[in-house]
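One-letter residues, chain by chain:
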Amino acid sequence: MRADVDADPDAAGADAGEAADGTDPVERALDAFRAGDPVCVHDFADREGETDIVYPAGAVDEAAVAHMRNDAGGLICVAVSDAVGDAFDLPFLADALDHPAVDDDPDYDDRSSFSLPVNHRETFTGITDADRAKTIVEVADAAARVRDDPTAYGPEEFAAEFRAPGHVHVLRGDRDGLDGRTGHTELGLAMAEAVGAAPAAVVCEMLDDETGDALAPADAAAYAARRDIPYVEGAALVEALK
């Protein structure tokens, strides 16, 4: 997160009940998602306490990847629904690893959502903006194919398109969606479902350049206001989309 976006109390609009322009934050967020644009989503103060930049995965291009790595700075991940994860036969990473360092008991939740990190097979190193955008969009396309016909795409098809390890971490959404977990994974997927997008969303944590910590909600809201990006609280999304 760059230092030129310090919080402006008058512009922050951090109140979950009303956006800076007086519109409903959830509706503004869904309008943006429907158009393929990003949304800043703060989860919960008693959970991660982080704001993520979230995109519908099918709309991600090189510019979107550059936006997230420059203006957010966290890990760029693509979340897929539980049904899509089942179709791809994707394990939770902690279940797939056999090593004494594995300890999937984060302080903020019962378990993490991480599955395999992948690259699309048509990428080179997988880390460039173009390579990561290619991987993300192809994951979204595969997820849409599963949604449209769950029998048409399986683990063999996934392996033919993607290789692991790679540079885009795939996250598996909770089987019960927001009823089971209220992380950015599920919040992004709920927005995607609400607007009829592929069951895949990209999330990237916003970090503070000066402290190295998660960007404070007021600072994230001020950034969003300056960039005309919707800012929405996770609690508002849960209330509207559960």
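The following refers to the structure shown.

The rules we used
Residues numbered from 1 in each chain as written. Predicted model: local features only at pLDDT ≥ 70, side-chain atom pairs only at ≥ 80, totals over all residues. Heavy atoms only, no water. Core = buried A, V, L, I, M, F, W, Y, C linked by side-chain atoms within 4.5 Å. Buried < 20%, exposed > 50% of the residue type's maximum accessible area, 1.4 Å probe, protein only. Helix = DSSP H or I, 4+ residues; strand = E, 2+ residues; numbered from the N terminus. Contact = heavy atoms within 4.5 Å. 1 Å grid on protein atoms, 1.4 Å probe; cavity = no way out; pocket = protein on both sides within 12 Å on 5 of 7 lines; lining within 4 Å. Points joined across faces, edges and corners; volume = space filled by probe spheres on them. Nonpolar A, V, L, I, M, F, W, Y, C, P; charged D, E, K, R; others polar. Patch = residues over 30% accessible without salt bridge, like charges linked within 9 Å, V, L, I, M, F, W, Y side chains within 5 Å. Areas by Shrake-Rupley, 256 points an atom, 1.4 Å probe, with all protein chains shown as cover. Salt bridge = Lys/Arg side-chain N within 4 Å of Asp/Glu carboxyl O. Lys, Arg positive; Asp, Glu negative; His and termini not counted. Charge placed at Lys NZ, Arg CZ, Asp CG, Glu CD. Pairing = 2+ DSSP bridges. Axes fitted to C-alpha atoms, helices over the stretch in contact; angles between N-to-C directions. Parallel < 35°, antiparallel > 145°, perpendicular 65-115°, else oblique.

### Let's talk about the nonpolar core
Turning to step 1, where the next piece is worked out: Membership of the largest hydrophobic core comes to 42 residues, with the highest contact counts inside it found for C40, I53, V60, V78, F88, V202 and M206.
Turning to step 2, where the next piece is worked out: Listing elements by their share of this core, those giving two or more residues are β2 (51-56), α2 (62-71), β3 (77-80), α3 (82-88), α5 (129-148), β5 (162-172), β6 (200-205) and α8 (217-227).
Turning to step 3, where the next piece is worked out: Here the element with the most residues in this core is α5; it accounts for eight residues.
Turning to step 4, where the next piece is worked out: Once you skip the residues sitting within four places of it in the chain, V78 turns out to touch A57, V139, V168, H169, V170, L171, A200, A201 and V202.
Turning to step 5, where the next piece is worked out: In this structure, V41, C77, A192 and V232 belong to the second largest nonpolar core, which totals 25 residues.

### Quick look at the layout of surface pockets
Over the atoms, a rolled probe matching the size of one water molecule traces out where space is still vacant.
Turning to step 1, where the next piece is worked out: By volume, the largest pocket is sized at about 490 Å³.
Turning to step 2, where the next piece is worked out: Elements with a contribution of two residues or more to the lining of the largest pocket: α3, α5 and α7 (184-194).
Turning to step 3, where the next piece is worked out: The element best represented in the lining of the largest pocket is α7, accounting for six residues.
Turning to step 4, where the next piece is worked out: Residues that form the lining of the largest pocket fall into these classes: twelve nonpolar, four polar and nine charged.
Turning to step 5, where the next piece is worked out: Its boundaries defined by the atoms lining it, the second largest pocket holds a volume of some 210 Å³.
Turning to step 6, where the next piece is worked out: Lining the second largest pocket are 16 residues, and of these E48, Y108, L171, T185 and E205 lie nearest its centre.
Turning to step 7, where the next piece is worked out: Elements represented by at least two residues in the lining of the second largest pocket include exactly α7 and β6.

### A short note on a negative patch on the surface
Turning to step 1, where the next piece is worked out: Where like charges cluster on the molecular surface, the negative patch consists of D103, D105, D107 and D110.
Turning to step 2, where the next piece is worked out: Mapped onto the elements, D107 comes out in the loop between α4 (93-96) and β4 (114-120).

### Brief notes about the pattern of salt bridges
Turning to step 1, where the next piece is worked out: For the structure shown, the criterion picks out 15 salt bridges.
Turning to step 2, where the next piece is worked out: For the salt bridge of R175 with D86, the shortest nitrogen-to-oxygen distance reads 3.5 Å. Remark: D86 occurs in helix α3 and R175 occurs in the loop between β5 and α7; sequence separation between them is 89 residues.
Turning to step 3, where the next piece is worked out: Given the relative accessible area of 59%, R175 is considered exposed.
Turning to step 4, where the next piece is worked out: Here R147 makes a salt bridge to D148, at a shortest N to O gap of 3.1 Å.
Turning to step 5, where the next piece is worked out: Here D148 falls in the exposed class, since its relative accessible area comes to 57%.
Turning to step 6, where the next piece is worked out: A single network of salt bridges, built from pairs that share partners, joins D82, D86, R172 and R175.

### Quick look at the pairing of β3
Looking down a regular strand, the side chains alternate between one sheet face and the other.
Turning to step 1, where the next piece is worked out: Residues C77 and A79 line one face of β3 and the alternating positions V78 and V80 line the opposite face, and both faces are buried.
Turning to step 2, where the next piece is worked out: Judged from the four bridges that link them, β3 and β5 form a sheet pairing that is parallel. Note that in β5 the partner of V78 across the bridge is V170.
Turning to step 3, where the next piece is worked out: Across four bridges, β3 lies against β6 in antiparallel orientation.

### Here we look at the packing of helix α1 (residues 25-34) against α7
Turning to step 1, where the next piece is worked out: The interhelical angle for the contact between α1 and α7, taken along N-to-C directions, is 70 degrees, at an axis separation of 9 Å. With respect to α7, the axis of α1 lies roughly perpendicular. Every residue of α7 that contacts α1 at A29, L30 and F33 is listed here: G188, M191, A192 and A194.
Turning to step 2, where the next piece is worked out: Of the residues in the contact of α1 with α7, the class split is six nonpolar, one polar and no charged.

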